[in-house]
Amino acid sequence: MPESLRLRVLGRSGMRVSEVCLGTMTFGTEWGFGADEAVCREIYGAFRDAGGNFVDTADVYTEGASETILGRLVAGDRDAVVLSTKYSLPTDKADPNSAGNHRKNLRRSVETSLRRLGTDYLDLLWVHAWDECTPAEETLRALDDLVRSGTVLSIGISNTPAWVVARSQAIAELRGWSAFCAVQVEYSLAARTPDRELLPMARSLGLTPCAWSPLARGLLTGKRREDNRPQGTRPSAAEAAAEVAAELGTTPARVALAWVLRQGLLPVLGARTLVQLRDNLGAVDLRLDDTQLERLDAATRVRPGYPHDFLRERRAALNPAALNDPPR
């Protein structure tokens, strides 16, 4: 484990957060794969001892048990923790309005989350996913009301197309409403499609990008087997991480997380055991050299696609040296 996690500023919120976030979808056994409260306490304690202060949950995780357990864990040092939760996904199959980005669901979700977490404010509230039907103006205004009231201090967005996020930021800026400070995306050596639109957008707009499932649901830990790779094809993400890990005498999970950190993202760690958390935290001190980074990139990169490929070719026609430029 590192002596102390470094800090980053969370977008334009000004809040200082640890360079990795503790995800708590594994807090609670209601979904059949999580940890009981005693283990959760060990995980949370080790994260805090390492200097971690950024903790993430959601109203839907383990049927609400995650928020309830986390509320008891943070009670002793609530103000020292940057506490985030999410709303949007359905929590009651019998109630169609228990899902979505609209004001009714937002109010219900936040009130429930505050009660479970045992707090009167949230440091960060995420829109968990775009519902494709609530106008952005409705969602933004409702979120802005919560920020102005002090119930929520900052807002972020997850699982949403880049054009929706960018348009929302423009609307918020134009109308003087609270804007998103961070974006959360699925990202790992095995899931790199955000390289096409979401990550360039985040960097351009000053949004801190956070990576959920940075170990690809366990694929990059080296514990899950993949089908045999056809001869002559490039190594898979798991194989590439394992090869570099063997060279460095470390674990594939640490290599995969260290790579995410080098891409400028803040990984959300979802450990089920104390051993897993300690191994994952070791990634922050792991140094990958340029050759290793290139090998990992070559094994996992995705084509930018249109219009990026088209524009790159046009730049190359005007300036052959531009062929070596990264996609813009």
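Structural data are supplied above this passage.
For clarity, every value in this text was computed on a predicted model and none was experimentally measured.

Calculation notes
- Residues numbered from 1 in each chain as written.
- Predicted model: local features only at pLDDT ≥ 70, side-chain atom pairs only at ≥ 80, totals over all residues.
- Heavy atoms only, no water.
- Axes fitted to C-alpha atoms, helices over the stretch in contact; angles between N-to-C directions.
- Helix = DSSP H or I, 4+ residues; strand = E, 2+ residues; numbered from the N terminus.
- Parallel < 35°, antiparallel > 145°, perpendicular 65-115°, else oblique.
- Left-handed = near helix turned anticlockwise from the far one by under 90°.
- Contact = heavy atoms within 4.5 Å.
- Nonpolar A, V, L, I, M, F, W, Y, C, P; charged D, E, K, R; others polar.
- Salt bridge = Lys/Arg side-chain N within 4 Å of Asp/Glu carboxyl O.
- Pairing = 2+ DSSP bridges.
- Expected span 1.5 Å × (residues − 1).
- Buried < 20%, exposed > 50% of the residue type's maximum accessible area, 1.4 Å probe, protein only.
- Phe/Tyr/Trp six-rings, centres within 6.5 Å; stacked < 30°, edge-to-face > 60°.
- Lys NZ or Arg CZ within 6 Å of the ring centre and 35° of its normal.

Trainee: Kindly report on the packing of helix α4 (residues 136–149) against helix α5 (residues 162–175), identifying the contributing residues and their values.
Mentor: Each packed pair of helices is defined by two parameters, the angle between the axes and the distance between the axes. Running from N to C, α4 and α5 point in directions that differ by 55 degrees, and their axes come no closer than 10 Å. One way to sum up the angle between α4 and α5 is to call them oblique. Handedness of the α4/α5 crossing: right-handed. Of the residues in α5, those touching α4 at Ala136, Glu137 and Leu140 are Arg167, Ser168, Ile171, Ala172 and Arg175. Here the residues of the contact of α4 with α5 are counted per class, giving four nonpolar, one polar and three charged.

Trainee: Could you give an account of the pattern of salt bridges, naming the residues involved and the relevant values?
Mentor: All chains considered together, the criterion is met by 23 salt bridges. Here the residues in one salt-bridge network are Arg192, Asp195, Glu294, Asp297 and Arg301, joined through shared partners.

Trainee: Just give me the short version of the sheet that holds strand β3 (residues 21–23), but keep the residues and values in it.
Mentor: With respect to topology, eight strands assemble into a closed barrel ordered β3-β4-β5-β6-β7-β8-β9-β10, the strand pairing being parallel. The mean angle between the axes of side-by-side strands here comes to 25 degrees, regardless of whether they run parallel or antiparallel. Where α4 meets the sheet, its contacts fall on β5 (82–87), β6 (124–127), β7 (155–158) and β8 (180–186), and the angle it forms with β6 comes to roughly 170 degrees.

Trainee: I'd love a proper account of helix α3 (residues 103–117), names of residues and values included.
Mentor: Residue pairs spaced three or four apart in an α-helix point in one direction, given the helix's 3.6 residues per turn. With 15 residues, α3 ought to run about 21 Å at 1.5 Å a step, and its terminal C-alpha atoms sit 21 Å apart, in line with that. Considered for burial, the residues of α3 that qualify are Asn105, Leu106, Ser109, Val110, Thr112, Ser113, Leu114 and Leu117. Where α3 terminates, the next one or two residues include Gly118, which has phi positive at roughly 65 degrees.

Trainee: Break down the environment of Asn105 for me, with residues and values.
Mentor: Inspection of the secondary structure assignment puts Asn105 in helix α3. The exposure class assigned to Asn105 is buried, which follows from its relative accessible area of 0%. In this structure the C-alpha to C-alpha distance between Asn105 and Ser88, which are 17 residues apart in sequence, comes to 7.3 Å. Residues within four places of Asn105 in sequence aside, it is in contact with Tyr87, Ser88, Asn97, Ser98, Ala99 and Gly100.

Trainee: Give a description of the environment of Gly51 that names residues and reports values.
Mentor: In this structure, Gly51 sits in the loop between α1 (37–49) and β4 (54–56). Between the alpha carbons of Gly51 and Arg192 there is a distance of 29 Å; along the sequence they are 141 residues apart. Filtering out sequence-adjacent residues up to four positions away, Gly51 remains in contact with Ser4, Leu5 and Ser18.

Trainee: If you had to explain the packing of aromatic side chains to someone new, which residues and values would you point to?
Mentor: Tallying each qualifying case throughout the model produces five aromatic pairs. On the numbers, 6.4 Å between centres and 75 degrees between planes, the contact of Trp31 with Tyr61 is edge-to-face. One end of the pair, Trp31, is in the loop between β3 and α1; the other, Tyr61, is in the loop between β4 and α2 (65–74), and 30 residues separate them in sequence. A relative accessible area of 33% means that Trp31 is categorised as partly exposed. Taking 6.3 Å as the distance between ring centres and 55 degrees as the angle between the ring planes, the aromatic pair formed by Tyr306 and Phe310 counts as tilted. Residue classification places Tyr306 among the exposed residues on the basis of a relative accessible area of 70%. Among the residues examined, Phe310 registers a relative accessible area of 39% and is labelled partly exposed. Here the aromatic residues Trp31, Phe33 and Tyr61 are joined through ring pairs into a cluster of three or more. Looking at Arg78, its charged tip hangs above the ring of Tyr121, at a distance of 4.1 Å from the centre. Lying over the aromatic face of Phe310, Arg314 brings its terminal NZ or CZ to 4.8 Å of the ring centre.

Trainee: Can you tell me about the pairing of strand β10 (residues 266–269), naming the residues and giving the values?
Mentor: Residues Leu266 and Val268 line one face of β10 and the alternating positions Pro267 and Leu269 line the opposite face, and both faces are buried. Both β3 and β10 contribute to a ladder of two bridges, which runs parallel. Paired with Leu22 across the strands is Leu269, a residue of β10. Bridge count between strand β9 (residues 208–212) and β10: two bridges; the pairing is parallel. The residue bridging Cys210 from the neighbouring strand is Leu266, located in β10.

These figures capture arrangement, not role.
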